[in-house]
Amino acid sequence: MERVRVLVIDDDTTFGMVAARRLEEAGFAVRFHRGPFGCLQAIRDMRCDVVVLDVNMPKLDGPLVLRMIRDAAGMGRTRVLLCSNMEPGPLARLAEASGAHGALAKNAFDAELVSSLRALLEPHGARRRKS
């Protein structure tokens, strides 16, 4: 059985590496991409199923990168989970408004990362938002 491919995109190297390690330990095939630049190519190269995308990055923020992913040929089915240090309520509203498949506060990341990703991959999670 092929492992689910996840790309973590964040400008914080420490956070990105820790998130990637946690997901690897949970059985996902994971790569970390530092910052937004070049991320579309990284998504193509990895043929990833899910992108864990930081909201607050310099120059290109998460919602703009999400629009770029949605507009890129062949990437419309890639699921995107926004993550940020924002408060959970505003973060959830941003995810909803931007068309992300979900959101996760970075301060809850350790406890909820794997379970949030697995829930996103369940059939009902995949149907929740179509692109």
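Placed above this text is the structure.
This is a predicted model, so every value here is computed, not measured. (Residues numbered from 1 in each chain as written. Predicted model: local features only at pLDDT ≥ 70, side-chain atom pairs only at ≥ 80, totals over all residues. Heavy atoms only, no water.)

(A) Focus on the overall build of the protein chain. Along the protein chain, the regular secondary structure elements total 6 helices and 5 strands. Starting at the N terminus and walking to the C terminus, you meet the elements of the protein chain as β-α-β-α-β-α-β-α-β-α-α. Burial status across the protein chain gives 47% buried among its 131 residues. A fraction of 61% describes how many contacts in the protein chain between residues 6 or more apart in sequence connect residues 24 or more apart. (Helix = DSSP H or I, 4+ residues; strand = E, 2+ residues; numbered from the N terminus. Buried < 20%, exposed > 50% of the residue type's maximum accessible area, 1.4 Å probe, protein only. Contact = heavy atoms within 4.5 Å.)

(B) Examining the pattern of salt bridges more closely. Evaluated as defined, the whole model comprises 5 salt bridges. Between Glu-24 and Arg-3 there is a salt bridge whose closest N-O contact spans 3.7 Å. Here Glu-24 is found in helix 1 (residues 13–25), whereas its partner Arg-3 is found in the segment before strand 1 (5–10), with 21 residues between them in sequence. Glu-24 sits in the partly exposed class, given a relative accessible area of 34%. (Salt bridge = Lys/Arg side-chain N within 4 Å of Asp/Glu carboxyl O.)

(C) Broad picture of helix 3 (residues 62–71). Of all the residues in helix 3, the buried ones are Gly-62, Pro-63, Val-65, Leu-66 and Ile-69. Summarising the axial view, the buried residues of helix 3 lie within an arc of 160 degrees, below the 170-degree limit, and thus occupy one face. On its buried face, helix 3 is in contact with helix 2 (39–46), strand 3 (50–54), strand 4 (79–84) and helix 4 (88–98). Measuring from the side-chain oxygen of the N-cap residue of helix 3 to the backbone nitrogen of Leu-64 gives 3.0 Å; that N-cap residue is Asp-61. (Arc of directions from axis to C-beta. Polar contact = N/O pair within 3.5 Å; in protein donor to acceptor, adjacent residues only side chain to side chain.)

(D) Structural detail: unusual backbone geometry. One non-glycine residue, Arg-47, lies in positive phi territory at about 55 degrees. If you trace the backbone, Arg-47 turns up in the loop between helix 2 and strand 3. Phi is positive for Lys-59, which is not a glycine, with a value near 75 degrees. Mapped onto the fold, Lys-59 is located in the loop between strand 3 and helix 3.

(E) Representation of the pairing of strand 5 (residues 102–105) within the structure. Bridging between strand 4 and strand 5 involves 4 bridges; their strand directions are parallel. Following the sheet pairing, Leu-81 is matched in strand 5 by Gly-102. In the classification by handedness, the crossover that spans strand 4, the intervening helix 4 and the parallel strand 5 is right-handed. (Pairing = 2+ DSSP bridges. Right-handed = clockwise from strand over helix to strand, strands pointing away.)

(F) Representation of helix 4. For helix 4, every residue scored as buried is listed here: Leu-91, Ala-95 and Ser-98. Down the axis of helix 4, the buried side of the element spans an arc of 80 degrees, and every buried residue falls inside it. Opposite its buried face, helix 4 presents the exposed residues Arg-93, Glu-96 and Ala-97, each directed more than 90 degrees away. Packed against the buried residues of helix 4 are helix 3, strand 4 and strand 5. Looking one or two places after helix 4, you find Gly-99, whose phi comes out positive at around 85 degrees.

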